Amino acid sequence: PLTYGRLGGTDVIFLARHGYGHTFAPHEINYRANLWALREKGAGRIVSVCTVGGITPAFLRPGTLAVPDQILDYTWGRKSTYFDGAEQPVVHVDFTHPYDAGTAALIAGAASAAGVAVVEGGTYACMQGPRLETAAEIDRLERDGADLVGMTGMPEAALARELELPYASLALVANGAAGRSGSEAGISVEEIGRVMQESMGRVRAVVIEVARRHGHP
């Protein structure tokens, strides 16, 4: 379902990618339907709010907000393009810079105006899920250049690019990734929930300011 409302004097559409009640695992989400529905209902840009694990020092503190600028995709088996099937042409979209720079700057500027600290830049590694990663996998991701790890960033970003929808992410670090600060012995799901609860006020403040600025450039 899509939820319609107004934030900062601007019409907005909210979609819970995991479903209301958090019932769809990351690999079960119909990313194609979600992005298509948002475009069909008139969304002008997409701000993807997600929770992640922190890998590198700048992103290790739980509650850190980040606006990543690159993606590493480790997912498999997900429907990842609209140009699928014999009746469709072969289409290669440019994905050199996976996030829309203008939308990323809008998020960062909105955070500054709202008095909320964000880390600009960083590479988001998208894993298949739904299980969390091993410490060795996180070590591998760091060697590959990842700063953050999540499960929903792809194919969402690529599908938005195919639809020519400006797309960027506001990522909340809920925990240190497996084997990292605070998660050396394991990851506490209860602790993740606590961090999310404590941080949602800052996330809302940024999103409200994004909406205000989008509607009144």
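Overview of the structure. Computed from a predicted model, the values in this text were never measured in an experiment.

## Considering the overall build of the protein
When helices and strands are tallied, the protein shows five helices and nine strands. In sequence order, the protein lays out its α and β elements as β-β-α-β-β-β-α-β-β-α-β-α-β-α. For 217 residues, the compact-globule estimate of 2.2 N^0.38 gives 17 Å, and the protein sits close to it at 17 Å. Looking at the 217 residues of the protein, the share that counts as buried comes to 44%. Put simply, 82% of the contacts in the protein that link residues at least 6 apart link residues at least 24 apart. Accessible surface, the protein as shown: approximately 10900 Å² in total, 54% of it carbon and sulfur. Charge-centre separation for the protein: the mean point of 19 positive side chains lies 5 Å from the mean point of 24 negative side chains.

## Notes on the packing of helix α2 (residues 101-113) against helix α5 (residues 189-215)
α5 packs onto α2 with a crossing angle of 115 degrees between their chain directions and a minimal axis gap of 8 Å. With respect to the hand of their crossing, α2 and α5 are arranged in right-handed fashion. Residues Leu-106, Ile-107, Gly-109, Ala-110, Ala-111 and Ala-113 of α2 form the contact with α5, whose own contacting residues are Val-206, Glu-209, Val-210, Arg-213 and His-214. When grouped by side-chain class, the residues that make up the contact of α2 with α5 number seven nonpolar, two polar and two charged.

## Here we look at the pattern of salt bridges
For the structure shown, the criterion picks out twelve salt bridges. One salt bridge in this structure joins Arg-39 and Glu-40, with 3.5 Å as the shortest N-O distance. In this structure, Lys-79 engages Asp-84 in a salt bridge whose closest nitrogen and oxygen atoms are separated by 3.9 Å. You can call Lys-79 exposed: its relative accessible area is 53%. A single network of salt bridges, built from pairs that share partners, joins Asp-139, Glu-142 and Arg-180.

## Comments concerning empty space enclosed by the protein
Evaluation of the coordinates by the stated rule reveals one cavity of 30 Å³ or more. As a volume, the largest cavity reaches approximately 40 Å³. What lines the largest cavity is Arg-17, Ser-48, Cys-50, Tyr-99, Tyr-124, Thr-152, Gly-153, Glu-156, Tyr-167 and Ser-169. The set of elements that each furnish at least two residues to the lining of the largest cavity consists of β3 (46-54) and β9 (167-176). Taken together, the residues of the lining of the largest cavity sort by class into four nonpolar, four polar and two charged.

## Some words on the sheet that holds strand β6 (residues 119-120)
Across the sheet, seven strands lie side by side as β5-β7-β8-β3-β9-β4-β6; this open sheet has mixed pairing. The open sheet terminates on both sides in strands that have one partner only, identified here as β5 (70-73) and β6. For strand β7 (residues 123-126) and strand β8 (residues 148-150), the ladder comprises three bridges, and the chain directions are parallel. The residue bridging Ala-125 from the neighbouring strand is Val-149, located in β8. With respect to the sheet, α2 is in contact with β3, β4 (65-67), β6 and β9, its orientation differing from that of β9 by roughly 55 degrees.

## So, unusual backbone geometry
A cis amide bond links Gly-129 with the next residue in sequence, Pro-130, at an omega value of 0 degrees. You can see Pro-130 is positioned in the loop between β7 and α3 (135-144). Each neighbour pair has its own omega, and for Met-154 with Pro-155 the value is 10 degrees, a cis peptide bond. A positive phi angle, near 55 degrees, is found at His-22, a position not held by glycine. Along the chain, the position of His-22 falls in the loop between β2 (10-15) and α1 (31-40). Look at His-22 and you get exposed, because its relative accessible area is 59%. One non-glycine residue, Glu-164, lies in positive phi territory at about 60 degrees. Turning to its location among the elements, Glu-164 is positioned in the loop between α4 (156-162) and β9.

## With respect to the nonpolar core
Within soluble globular proteins, side chains that are nonpolar generally end up buried alongside one another. Judged by nonpolar contacts, the single largest core of 41 residues is most densely connected at Leu-35, Leu-170 and Val-206. When contributions to this core are tallied by element, the ones reaching two or more residues are α1, β3, β4, α2, β7, α4, β9 and α5. Counting ten residues, the second-largest nonpolar core is a separate cluster that includes Ile-55, Leu-141, Ala-146 and Val-149.

The rules behind the values
Residues numbered from 1 in each chain as written. Predicted model: local features only at pLDDT ≥ 70, side-chain atom pairs only at ≥ 80, totals over all residues. Heavy atoms only, no water. Helix = DSSP H or I, 4+ residues; strand = E, 2+ residues; numbered from the N terminus. Rg over C-alpha atoms; globule rule 2.2 N^0.38 Å. Buried < 20%, exposed > 50% of the residue type's maximum accessible area, 1.4 Å probe, protein only. Contact = heavy atoms within 4.5 Å. Areas by Shrake-Rupley, 256 points an atom, 1.4 Å probe, with all protein chains shown as cover. Lys, Arg positive; Asp, Glu negative; His and termini not counted. Charge placed at Lys NZ, Arg CZ, Asp CG, Glu CD. Axes fitted to C-alpha atoms, helices over the stretch in contact; angles between N-to-C directions. Left-handed = near helix turned anticlockwise from the far one by under 90°. Nonpolar A, V, L, I, M, F, W, Y, C, P; charged D, E, K, R; others polar. Salt bridge = Lys/Arg side-chain N within 4 Å of Asp/Glu carboxyl O. 1 Å grid on protein atoms, 1.4 Å probe; cavity = no way out; pocket = protein on both sides within 12 Å on 5 of 7 lines; lining within 4 Å. Points joined across faces, edges and corners; volume = space filled by probe spheres on them. Pairing = 2+ DSSP bridges. Core = buried A, V, L, I, M, F, W, Y, C linked by side-chain atoms within 4.5 Å.

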